[in-house]
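Each chain, letter by letter, is given below.
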Amino acid sequence: MDNRRVKIAPSILSADFARLGEQVAEAEQAGADCLHIDVMDGQFVPPITFGPVVVEAIRPKTSLPLEIHMMVVEPENHFHQLRDAGADRIIIHQEATAHLHLSAGQIRDMGMESGVAVNPGTSLSTVEEVISEIDLLLVMTVNPGWGGQPFIASSVRKISRARACLDEAKSKAMLEVDGGIKADNAALVVNAGADQLVAGSAVYNDNVSVFEAMAQLRSAICRVGDLG
């Protein structure tokens with residue numbers, strides 16, 4: 001591993017919605033690198049969660065980049081609204097759009113960073129042709145739709161393959177991992193090549209404070225080497 005700094009993106013899906021502004025501030029104060037906001041439409045995945053109104057409400061509460069993970073059918077219909085609400089990066093699913101290359105380019109053309117996500121059962125070969133057109137590749141290590149799911153252990157090999165794919169293409173895209181990330185598997189994921197970890201219930205839970213949870217994750221990452 002090199003000495004790059006691995007980033008942590010708390011997912012507000014696991015936050016206390018009754019005090020969302022406070023929880024956002026706590027994550028920033030604890031050293032979060034960006035905030036991960038899951039937008040679900042009830043079609044691509046069964047739940048319905050946040051939308052542009054929530055993004056707009058969070059924007060003035062933090063200086064952190066806002067990363068929008070769109071678990072939405074035809075996500076291109078919502079790019080303008082999310083940009084205007086304050087999104088810095090939009091991640092779309094390979095499985096949810098008919099024209100991946102076009103949609104990824106549209107996000108960049110609107111002045112945001114462009115990301116593509118792949119589900120656990122989706123081959124990395126389906127995104128090889130857009131690697132040079134994106135700023136982030138997200139490997140899902142749970143099936144999307146619900147927070148708190150256990151990490152799929154076989155995903156580690158896929159993370160390693162994604163790292164190799166990006167390196168072979170000489171891509172500067174960040175490799176992000178989302179799903180079941182905890183202090184006890186963070187080092188494993190980073191060692192496989194992840195640049196950024198999405199953490200929901202590992203950050204927002206009833207056992208420890210957000211500050212303590214973030215410290216535990218950072219400590220786990222540092223076990224890989226000088227990565228913290």
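Presented here is an overview of the structure given in this document. This is a predicted model, so every value here is computed, not measured.

### Things to note about the pairing of strand E3 (residues 66-71)
With six of six residues buried, E3 lies mostly within the body of the structure. Where burial is concerned, the two faces of E3 agree: the one with Leu66, Ile68 and Met70 and the one with Glu67, His69 and Met71 are both buried. On the question of chirality, the crossover connecting strand E2 (residues 35-40) to the parallel E3 by way of helix H2 (residues 52-58) is right-handed. Two strands pair when backbone bridges link them, and E3 and strand E4 (residues 89-93) are joined in this way by four bridges, in the parallel orientation. By the bridge assignment for E4, methionine 70 is matched with isoleucine 92.

### Describing helix H4 (residues 100-109)
An α-helical segment advances 3.6 residues per turn. Residues three or four places apart therefore align on the same side. Within H4, burial applies to Leu100, Ser103, Ala104 and Ile107. Down the axis of H4, the buried set is contained in an arc of 100 degrees. They therefore lie on one face. Exposed side chains of H4 directed beyond 90 degrees from the buried face belong to Leu102 and Asp109. Against helix H3 (79-85), E4 and strand E5 (113-118) lie the buried residues of H4. Residue glycine 111 follows H4 closely and has a positive phi angle near 90 degrees.

### Here we look at the sheet that holds strand E7 (residues 174-178)
Strand order in the open sheet formed by eight strands is E1-E8-E7-E6-E5-E4-E3-E2, and the pairing between neighbours is parallel. Since the sheet does not close on itself, it has two edges, and those belong to strand E1 (7-10) and E2, each with one partner. The sheet shows a mean angle of 25 degrees between the axes of neighbouring strands, direction not considered. Across four bridges, the pairing between E1 and strand E8 (residues 196-199) is parallel. Residue pairing for E8: isoleucine 8 is matched across the bridge by leucine 197. Relative to strand E6 (residues 136-140), helix H5 (residues 155-168) is tilted by about 165 degrees, and along the sheet it contacts E5, E6 and E7. Contacts between helix H7 (residues 210-222) and the sheet are confined to E1 and E8, with E1 contributing the most and set at about 150 degrees to the helix.

### Section: H7
Over its 13 residues, H7 extends 18 Å from the first C-alpha to the last, a length consistent with the 18 Å expected when each residue adds 1.5 Å. Of all the residues in H7, the buried ones are Val210, Ala213, Met214, Leu217, Arg218, Ala220 and Ile221. All buried residues of H7 lie within an arc of 160 degrees about the axis, which places them on one face of the element. On its buried side, H7 packs onto E1, helix H1 (20-29), helix H6 (186-191) and E8.

### Topic: the nonpolar core
Judged by nonpolar contacts, the single largest core of 71 residues is most densely connected at Ile12, Ile68, Ile90 and Leu197. With sequence-adjacent residues up to four places away left out, isoleucine 90 is seen in contact with Ile68, Met70, Phe79, Leu82, Ile107, Met112, Glu113, Ser114 and Gly115. Counting seven residues, the second-largest nonpolar core is a separate cluster that includes Ala117, Leu136, Val142 and Met174.

### Considering the environment of asparagine 191
Structurally, asparagine 191 is set in helix H6. Spatially, the C-alpha atoms of asparagine 191 and arginine 223 are 9.7 Å apart, while their sequence positions differ by 32 residues.

Rules of the game
- Residues numbered from 1 in each chain as written.
- Predicted model: local features only at pLDDT ≥ 70, side-chain atom pairs only at ≥ 80, totals over all residues.
- Heavy atoms only, no water.
- Buried < 20%, exposed > 50% of the residue type's maximum accessible area, 1.4 Å probe, protein only.
- Helix = DSSP H or I, 4+ residues; strand = E, 2+ residues; numbered from the N terminus.
- Right-handed = clockwise from strand over helix to strand, strands pointing away.
- Pairing = 2+ DSSP bridges.
- Arc of directions from axis to C-beta.
- Contact = heavy atoms within 4.5 Å.
- Axes fitted to C-alpha atoms, helices over the stretch in contact; angles between N-to-C directions.
- Expected span 1.5 Å × (residues − 1).
- Core = buried A, V, L, I, M, F, W, Y, C linked by side-chain atoms within 4.5 Å.

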